[in-house]
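Residue-level listing of the chains:
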Amino acid sequence: MNLQQLRYVVATAEHRTMTDAARSLYIAQPALSRAIRDLERELGMTLFARSGRGVVVTAQGRRVVKLAREALDAVGEIEALSNHGGASEAELRIASTANLEPGLAGRLLPAYAAEHPGVRVHIIRCDGRDAVVNAVRDQRADLGLTDLPVPTDLITHPLERQEIVLISPPGLDLPDPVPMRRLDGLRLALPARGSVRRRELDAMFGKYAVSPIVVLETDERNGWLNAVRAGQASLLWYRGMAEQAARAGLVVRSLEPAVRRVIAVVHARRRLPLIAQDFLATAEKGSSAA
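- Identification of the protein as DNA-binding transcriptional LysR family regulator from Nonomuraea africana is taken from an unreviewed UniProt entry.
- Within the UniProt record for the protein, the comment given under Sequence similarities (unreviewed entry) is "Belongs to the LysR transcriptional regulatory family."

1. Details of the overall build of the protein
And then number 1: Along the protein, the regular secondary structure elements total 10 helices and 13 strands.
And then number 2: With the C-alpha coordinates of the protein rotated into their principal frame, the extents come out at 75 × 50 × 30 Å.
And then number 3: Among the 290 residues that make up the protein, the fraction classed as buried is 45%.
And then number 4: Of the contacts made within the protein by residues no fewer than 6 positions apart, 72% connect residues no fewer than 24 positions apart.
And then number 5: In the protein, 39 side chains carry a positive charge and 33 a negative one; their mean positions are 4 Å apart.

2. Describing the layout of surface pockets
And then number 1: Taken as a whole, the second largest pocket spans an internal volume of roughly 360 Å³.
And then number 2: Lining the second largest pocket are 14 residues; nearest its centre among them are Ala 13, Glu 14, Arg 16, Arg 69 and Asp 153.
And then number 3: Elements represented by at least two residues in the lining of the second largest pocket include exactly helix H1 (3-15) and helix H4 (59-85).
And then number 4: Tallied by class, the residues present in the lining of the second largest pocket amount to five nonpolar, no polar and nine charged.

3. A short note on the pairing of strand E4 (residues 119-126)
And then number 1: Of the pairings in the sheet, the one linking strand E3 (residues 90-97) to E4 comprises eight bridges and is parallel in character. Note on E4: the bridge partner recorded for Ser 96 is Arg 125.
And then number 2: Of the crossover connections in this fold, the one passing from E3 over helix H5 (residues 101-115) to the parallel E4 is right-handed.

4. A few points about the nonpolar core
And then number 1: With 53 residues, the main nonpolar core has Leu 92, Leu 166, Ile 167, Leu 183, Phe 205, Leu 236 and Phe 279 as its most contacted residues.
And then number 2: Dropping the residues within four chain positions of it, Leu 236 is found in contact with Ile 164, Val 165, Leu 166, Leu 188, Leu 201, Met 204, Phe 205 and Leu 255.
And then number 3: By size, the runner-up hydrophobic cluster in this structure holds 17 residues, among which are Ala 13, Ala 35, Ile 36 and Val 55.

5. Topic: the packing of aromatic side chains
And then number 1: Counted by the stated rule, this structure contains one aromatic pair.
And then number 2: A ring pair is formed by Tyr 112 and Phe 279, whose centres lie 5.3 Å apart and whose planes are at 70°; its orientation type is edge-to-face. Of this pair, Tyr 112 sits in helix H5 while Phe 279 sits in helix H10 (residues 274-289), and the two are 167 residues apart along the sequence.
And then number 3: Look at Tyr 112 and you get buried, because its relative accessible area is 1%.
And then number 4: In this structure Phe 279 comes out as buried when scored by relative accessible area, which is 2%.

6. Considerations on helix H7 (residues 196-207)
And then number 1: With 12 residues, H7 extends 17 Å between its outermost C-alpha atoms, agreeing within 8% with the 16 Å of an ideal straight helix rising 1.5 Å per residue.
And then number 2: Taken together, the buried positions of H7 are occupied by Val 196, Arg 197, Arg 198, Glu 200, Leu 201, Met 204 and Phe 205.
And then number 3: Immediately beyond the C-terminal end of H7, within one or two residues, lies Ala 209, with a positive phi of roughly 55°.

7. A look at the packing of H1 against helix H2 (residues 18-25)
And then number 1: Interhelical geometry of H1 versus H2 gives an angle of 130° and a closest axis separation of 8 Å. Comparing the axis directions of H1 and H2 gives the class oblique. Between H1 and H2 lies a crossing whose hand is right-handed. Along its contact with H1, which presents Arg 7, Tyr 8, Ala 11, Thr 12 and His 15, the element H2 presents Met 18, Asp 20, Ala 21, Ser 24 and Leu 25.
And then number 2: Partitioned by chemical class, the residues of the contact of H1 with H2 number five nonpolar, three polar and two charged.

8. What to know about unusual backbone geometry
And then number 1: Along the chain, Asp 176 connects to Pro 177 via a cis peptide bond; the corresponding omega equals 5°.
And then number 2: Backbone geometry places Arg 16, a non-glycine residue, at a positive phi of 65°.

Thresholds, definitions, all that
- Residues numbered from 1 in each chain as written.
- Predicted model: local features only at pLDDT ≥ 70, side-chain atom pairs only at ≥ 80, totals over all residues.
- Heavy atoms only, no water.
- UniProt positions renumbered as here; feature names shortened; annotations may be inferred.
- Helix = DSSP H or I, 4+ residues; strand = E, 2+ residues; numbered from the N terminus.
- Buried < 20%, exposed > 50% of the residue type's maximum accessible area, 1.4 Å probe, protein only.
- Contact = heavy atoms within 4.5 Å.
- Lys, Arg positive; Asp, Glu negative; His and termini not counted.
- Charge placed at Lys NZ, Arg CZ, Asp CG, Glu CD.
- 1 Å grid on protein atoms, 1.4 Å probe; cavity = no way out; pocket = protein on both sides within 12 Å on 5 of 7 lines; lining within 4 Å.
- Points joined across faces, edges and corners; volume = space filled by probe spheres on them.
- Nonpolar A, V, L, I, M, F, W, Y, C, P; charged D, E, K, R; others polar.
- Pairing = 2+ DSSP bridges.
- Right-handed = clockwise from strand over helix to strand, strands pointing away.
- Core = buried A, V, L, I, M, F, W, Y, C linked by side-chain atoms within 4.5 Å.
- Phe/Tyr/Trp six-rings, centres within 6.5 Å; stacked < 30°, edge-to-face > 60°.
- Expected span 1.5 Å × (residues − 1).
- Axes fitted to C-alpha atoms, helices over the stretch in contact; angles between N-to-C directions.
- Parallel < 35°, antiparallel > 145°, perpendicular 65-115°, else oblique.
- Left-handed = near helix turned anticlockwise from the far one by under 90°.

The structure is reproduced here in C-alpha cells:
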C-alpha cells in the first residue's frame, strides 16, 4: 500500500461515486476502479460496495478510510514542518464567499500573519456557500469561511452573527429600521435565481408576504453595488460589508425585525494541518474578544 492508494480510498469515500472521485484526482475512472480493486485484493477485504450508480463504504472500509485520512494528514503535517524549516513558505488555503472576503482579509488575516509570519495564505474566491463547501470537500481548501447552514459532513466553528441590512441609493423615503412590509414593491438587486442565498431570501419574503421588484439577478457582488450606485435598486447585504457602501454615498438601514446570519469557519471531518489549526485558534480568539 502507498500514499497514492490512500488518496484514492479517501477520495472515493468522500465523493461516493468513482466518476466524481476520479475527476477530483485528475485520473481516468477505469484507472481508479482498477486501483481500488487491486487494493482490496491486497488487503483481502471489500472497501466499497456498489449502490445504484455510486458506492457505499463497507464496515471494514470505514475503518480503512479513517486510518487513511489520519495517515495523509500526518504526511501533510510532516511536509508543513519541512516547509517551515526550508526556504519555501507553508501555504494555508482558505475558501471564502465574496461577501465575507473583505472581513477575512481585513481582520482575520492580519492577526494570523502577525503570529505566523512564515505562512502564506491563499484565498480561494468562491461565488457562494455551495462553492465554499465543494472547495473544502475536494481538498482544494483547508478551511472555508461562509455563513451557515452547511451540510453535516463538515465541522463548523461559529465566529460571529452578522446583521443583514438594506443598502439603498440616497433619496428613498424609508425609515430606519425598515419594516419588512416596506420591502413589498421595493426595487432590489438579488442573487441569481436557484442559488442557495436566493432561496433563503425568497423564503424570507414569503414569510413576511412581501414581493419586491427584482431589477437585477446575479451572483456578482460588483453587479449589485453598481445597480445601487446607479440608483436602479437597493440591496440586502451584510452589515460588516456595508462600510464601503457608506463611503460610496449609499444609505445603510437595518431591518425590522432584525435578520442575522451566523458566520463560521468550516472544514472536513479529518485532522487539520497544524497551520490550519493555528488559524482556527486565532479566529476563535478574535471572535471571543469581539
